[in-house]
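Read off the chains here:
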Amino acid sequence: MSAEVFSVFYQFADVFAFLILSAAGLAIVFGMMGVINMAHGEFIMCGAYVTVGLVNLGVPLPIAQIAAAITAGLIGVVVEYFVVRRFYKRPLDSLLATWGLSLIVTQSMLLIVGSSIRGIGTPEGSFAIGAYTFSTYRLVLFGAAVAVLVGLYIVFMKTRFGVIARATMQNAAMARALGARTGRIYAISFGIGAGLAGLCGALYAPTMTLIPTMGATFVVESFVTVVIGGANVLLGTAPAALLLAAIRMTLNASYGQIIGQIGMLVAVILIIRVLPEGLSSVLARRGR
């Protein structure tokens, strides 16, 4: 593989990983559960802050990242029980409630820890191919994104919990009548979504400057990826990320990151206009 070809793949993999990791948790909470979670960025921020805090205390980075994801997931279960549970089937109310939670958390973090904290630096070093130098950790992020996709597919498509969870989200009353503990299913599903958001923050913590508003960096990309993926998030999120990554990577290489992001958002508008039900609707029809 030539250095130029690998460079193109590397840039694509970097954008793809960012889209998948930022959108995975939202794909469950928004795409499957129908909750417009405006506090998604704060769960990402939680994962990043817990990771850096534990690493600064001497905890190895991988263990800190796992602990951060678990912490965000547990906080998600608490948030679901005390806040979100009252707003199922009321998307606008869930938007307002989670937006208010987002503002509270952001301002509280500003008061408690200040505008920024000391980072930990990007691990794993770098490697060279030809005249190009690449960060090894960016490939780790790509591998983590693929692992998250595979894990979501296994959990929600190949396990008893996944079958019950999908049934609950499609028709909670019927699932409840058949004996499913829908309240517990919702709490666990929201916790998984929050945990994946925390994992995203934990994985990107070494690469970013940590500030209480850092979650906003991920929110736009995560929402547009889930929205154009369509109703079947397990089928649509990965193709959506592939398409958006290709568009953004191409524009980034030619015109810079700002034009790349603008072009990606324009592409999202066009896709939604042509395919209002998202990419998964097309894939589902072809699979029949």
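Okay, so let's go over this structure. Model, not experiment: these values are computed from the prediction. (Residues numbered from 1 in each chain as written. Predicted model: local features only at pLDDT ≥ 70, side-chain atom pairs only at ≥ 80, totals over all residues. Heavy atoms only, no water.)

### Details of the overall build of the protein
Just so we agree on the cut-off: For the purposes of this entry, the term helix denotes a DSSP run of H or I that reaches at least four residues, the term strand denotes a run of E that reaches at least two, and both are numbered from the N terminus. Our radius of gyration is a C-alpha quantity, and the globule rule it is checked against amounts to 2.2 Å times the number of residues to the power 0.38. Per-residue accessibility, obtained with a 1.4 Å probe over protein chains only, is compared with the maximum for each type, and a residue is labelled buried under 20%, exposed over 50%, and partly exposed between these values. When checking whether two residues touch, look at their non-hydrogen atoms; a contact exists if any pair is within 4.5 Å. Note on areas: Shrake-Rupley, 1.4 Å probe, and residue coverage restricted to the protein chains presented here. Counting rule for charge: Lys and Arg are taken as positive, Asp and Glu as negative, and neither His nor the chain ends is counted. Lysine's charge is taken at NZ, arginine's at CZ, aspartate's at CG and glutamate's at CD.
Helix and strand content of the protein: 12 helices and 2 strands. The C-alpha atoms of the protein give a radius of gyration of 19 Å, which matches the 19 Å a tight globule of 288 residues would have. In terms of overall dimensions, the protein has a C-alpha envelope of 65 × 50 × 30 Å along the principal axes. Each of the 288 residues in the protein was classed as buried or not, and the buried ones make up 44%. Long-range contacts, defined as pairs at least 24 residues apart, comprise 74% of the intrachain contacts of the protein with a sequence gap of at least 6. If you sum the accessible surface of the protein, you get close to 13900 Å²; carbon and sulfur atoms cover 68% of it. Between the mean site of the 17 positive side-chain charges and the mean site of the 8 negative ones, the protein shows a separation of 14 Å.

### Focus: the layout of surface pockets
The criterion, for reference: Here a cavity is any set of points on a 1 Å grid over the protein atoms alone where a 1.4 Å probe fits but cannot get out, and a pocket is any open set with protein on both sides within 12 Å along at least 5 of 7 lines; a residue lines the site when it has an atom within 4 Å of a point. Grid points are joined across faces, edges and corners, and a volume is the space filled by probe spheres set on the points. Throughout, the ten residues Ala, Val, Leu, Ile, Met, Phe, Trp, Tyr, Cys and Pro are labelled nonpolar, Asp, Glu, Lys and Arg are labelled charged, and all others, Gly among them, are labelled polar.
Here the largest pocket is characterised by a volume of approximately 450 Å³. Secondary-structure elements contributing two or more residues to the lining of the largest pocket are α1 (3-32), α9 (216-229), α10 (233-255) and α11 (257-274). A total of 5 residues in the lining of the largest pocket trace back to one element, the largest contributor, which is α1. Considering only residue class, the lining of the largest pocket consists of 6 nonpolar, 6 polar and 4 charged.

### Overview of the packing of helix α5 (residues 136-158) against helix α6 (residues 160-170)
Our working rule: Angular values range over 0 to 180 degrees, each being the angle between N-to-C directions of two axes fitted as lines to C-alpha atoms, with helices fitted over their stretch in contact. Our angle categories are set so that under 35 degrees counts as roughly parallel, over 145 as roughly antiparallel, 65 to 115 as roughly perpendicular, and the remainder as oblique.
The N-to-C vectors of α5 and α6 enclose an angle of 75 degrees; their axes lie 5 Å apart at closest approach. Compared by their axis directions, α5 and α6 come out roughly perpendicular. Residue-level inspection shows Val155, Phe156, Met157 and Lys158 of α5 in contact with α6, the latter providing Arg160, Phe161, Gly162, Val163, Ala165 and Arg166. The residue makeup of the contact of α5 with α6, split by class, is 6 nonpolar, 1 polar and 3 charged.

### A word on the packing of aromatic side chains
As a reminder of what qualifies: By convention, a stacked pair of Phe, Tyr or Trp rings (six-membered ring in the case of Trp) has centres within 6.5 Å and planes under 30 degrees apart, an edge-to-face pair has planes over 60 apart, and any other such pair is tilted.
Taken as a whole, this structure holds 18 aromatic pairs when the rule is applied. With centroids separated by 5.9 Å and ring planes inclined at 70 degrees, the aromatic side chains of Phe6 and Phe127 adopt a geometry described as edge-to-face. Here the residue Phe6 occupies a position in helix α1, and Phe127 occupies one in strand β1 (residues 126-129), the gap between them amounting to 121 residues. When the ring of Tyr81 is compared with that of Phe82, the centres are 5.0 Å apart and the planes differ by 85 degrees; the resulting orientation is edge-to-face. By relative accessible area, which is 55% here, Phe82 ends up exposed.

### Section: helix α8 (residues 182-204)
Note: α-helices contain 3.6 residues per turn, so residues at a spacing of three or four share the same orientation. This is how the line gets drawn: An expected span of 1.5 Å times one less than the residue number is assigned to each helix.
Helix length check: α8 (23 residues) gives 33 Å between terminal C-alpha atoms against 33 Å at 1.5 Å per residue, within 8%. Counting buried positions along α8 yields 18 of 23 residues, so the element is predominantly enclosed.

### Things to note about the pattern of salt bridges
Close approach of charged atoms allows side chains of opposite charge to pair. Defined as follows: For this document, the term salt bridge refers to a Lys or Arg side-chain nitrogen within 4 Å of an Asp or Glu carboxyl oxygen.
Enumeration over the complete set of coordinates arrives at 4 salt bridges. Between Arg138 and Asp14 there is a salt bridge whose closest N-O contact spans 3.3 Å. With Arg138 in helix α5 and Asp14 in helix α1, the pair connects residues that are 124 residues apart, well separated along the chain. Of the charged contacts, one joins Arg85 and Glu80 as a salt bridge, the two residues approaching to 3.0 Å between their closest N and O atoms. Accessibility expressed as a relative area gives 0% for Glu80, which makes it buried.

### Topic: the side chain of Thr106
Note that Thr106 resides in helix α4 (residues 91-113). Assessed through its relative accessible area of 8%, Thr106 is described here as buried. When sequence neighbours within four positions are dropped, the list of residues in contact with Thr106 reads Glu42, Pro212 and Thr213.

### Remarks on the pairing of strand β2 (residues 132-135)
Going by this rule: Paired strands, as defined in this entry, are two strands with at least two bridges between them according to DSSP.
Looking at chain direction, β1 and β2 are connected through 4 bridges and run antiparallel. Within the sheet, the bridge partner assigned to Ser126 lies in β2 and is Ser135. The antiparallel hairpin formed by β1 and β2 contains 2 residues in its connecting segment, where Gly130 sits at a positive phi of about 60 degrees.

### Description of the packing of helix α2 (residues 40-56) against α4
Packing of α2 against α4 leaves a shortest axis separation of 10 Å and a crossing angle of 30 degrees. Here α4 runs roughly parallel to α2, going by the angle between their axes. Every residue of α4 that contacts α2 at Glu42, Met45 and Tyr49 is listed here: Ser102, Val105, Thr106, Met109 and Val113. Its residues assigned to classes, the contact of α2 with α4 shows 5 nonpolar, 2 polar and 1 charged.

### Things to note about a nonpolar patch on the surface
In plain terms, the rule: Patch membership needs two things, relative accessible area over 30% and no salt bridge, and members are linked within 9 Å if like-charged or within 5 Å if nonpolar (Val, Leu, Ile, Met, Phe, Trp, Tyr).
Together, Tyr255, Ile258, Ile259, Ile262, Val266 and Leu270 make up an exposed nonpolar region whose accessible area comes to about 630 Å². Ranked by residue count, the leading element in the nonpolar patch is α11, at 5 residues. One can find Ile259 in helix α11.

### Section: the nonpolar core
Here is the rule: Here, the term nonpolar core denotes a set of buried Ala, Val, Leu, Ile, Met, Phe, Trp, Tyr and Cys residues that are joined through side-chain atoms within 4.5 Å.
Leu21, Met33 and Tyr204 are the most contacted members of the largest nonpolar core, which totals 67 residues. Within the residue set of this core, elements represented by two or more residues are α1, α2, α5, α6, α8, α9, α10 and α11. Per-element tally for this core: the top contributor is α1, with 15 residues. Excluding residues that lie within four positions of it along the chain, Tyr204 makes contacts with Asp14, Ala17, Phe18, Leu21, Arg138, Leu141 and Phe218.

Worth remembering: the numbers are spatial, not functional.
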